[in-house]
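As a plain string of letters, each chain reads:
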Amino acid sequence: STTAPSPKSKEDQVVNGHDEKESNPFAEYMWMENEEDFNRQVEEELQEQEFLDRCFQEMLEEEDQDWFIPSRDLPQGMGQLQQQLNGLSVGDGHSSEDILSKSNLNPDAKEFVPGVKY
């Protein structure tokens, strides 16, 4: 009696370029069967990602508008005024006596406290 030859080498196990163990040699290409659905799904994912990117960009722009940025939010002359104010310093007290002698404010007046009626 003759028995079927058992595959001993790698060449014997491969049939038409595929292993016999492999259930479907075209498994990795099965997405092409429903190519329109696949394309639609990928396109939807891309549109969703683009939408999310736009939402994040708008959110960041809104957040930037909420922040106070002097160089952007102040008029042009205000920057110079701010530099001048930064350059000012408090005197050593001699000039304050001069200011007090010329003042028309009442030094005996009660101290103003917001919300309190006199």
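Going along each chain's sequence as written, the residues are numbered from 1 onward. Owing to the predicted nature of the model, reporting of local features is limited to residues with pLDDT of at least 70; listing and counting of side-chain atom pairs is limited to 80 or more, with chain, interface and lining totals taken over all residues. Excluded from the side-chain calculation are hydrogens and water; included are all heavy atoms of the structure.

## Describing the overall build of the protein chain
Argument step 1. Of regular secondary structure, the protein chain possesses five helices and two strands.
Argument step 2. By definition, any uninterrupted DSSP run of H or I lasting at least four residues is a helix, any uninterrupted run of E lasting at least two residues is a strand, and each is numbered from the N terminus. Along the protein chain, helices (α) and strands (β) appear in the sequence α-β-β-α-α-α-α when read from the amino end.
Argument step 3. The classification of residues rests on relative accessible area computed with a 1.4 Å probe and restricted to protein chains. Under 20% of the type maximum is buried, over 50% is exposed, and intermediate values are partly exposed. Here the protein chain holds 118 residues, and the buried ones make up 0% of them.
Argument step 4. The Shrake-Rupley method, run with a 1.4 Å probe, gives the accessible areas here. Residue values count only the displayed protein chains as cover. Accessible surface computed for the protein chain: about 11900 Å², of which carbon and sulfur atoms make up 53%.

## With respect to a negative patch on the surface
Argument step 1. Residues Glu58, Glu61, Glu62, Glu63, Asp64 and Asp66 make up a contiguous surface patch of negative charge.
Argument step 2. Take Asp66: it is sitting in helix α2 (residues 35-66). Distance thresholds for patches are 9 Å for like charges and 5 Å for nonpolar side chains (Val, Leu, Ile, Met, Phe, Trp, Tyr), applied to residues having over 30% relative accessible area and no salt bridge. One side-chain nitrogen of Lys or Arg within 4 Å of one carboxyl oxygen of Asp or Glu is enough to make a salt bridge. Positive charges are assigned to Lys and Arg, negative charges to Asp and Glu, while His and the chain termini are left out of the count. A single reference atom marks each charge: NZ on Lys, CZ on Arg, CG on Asp, CD on Glu.

## A closer look at the environment of Phe68
Argument step 1. Summarising the element assignment, Phe68 is placed in the loop between α2 and α3 (70-73).
Argument step 2. Aside from chain neighbours lying at most four places away, what touches Phe68 is Asp73 and Leu74. In this description, contact between two residues means that some pair of their heavy atoms is separated by no more than 4.5 Å.

## Here we look at the pattern of salt bridges
Argument step 1. Overall, the coordinates contain two salt bridges when judged by the stated rule.
Argument step 2. In this structure, Asp37 and Arg40 form a salt bridge, with 2.9 Å as the shortest nitrogen-oxygen distance. Linking Asp37 with Arg40, this pair stays in helix α2, spanning three residues, or about one helical turn.
Argument step 3. When its relative accessible area of 41% is taken as the criterion, Asp37 is described as partly exposed.

## Topic: a nonpolar patch on the surface
Argument step 1. A contiguous nonpolar surface patch, about 780 Å² in accessible area, is contributed by Phe26, Tyr29, Met30, Trp31, Met32, Phe38, Val42 and Leu46.
Argument step 2. Here Tyr29 shows up in the loop between β2 (18-19) and α2.
Argument step 3. Note on Tyr29: relative accessible area 44%, which makes it partly exposed.

## Focus on the confidence of the model for the protein chain
Argument step 1. Per-residue pLDDT for the protein chain has a mean of 76; in total, 73% of the residues score no lower than 70.
Argument step 2. At the level of individual helices and strands, the protein chain shows its lowest average pLDDT in helix α1 (residues 10-13), which scores 49, and its highest in α2, which scores 91. Each residue carries a pLDDT value, the predictor's own confidence for that position, ranging from 0 to 100.

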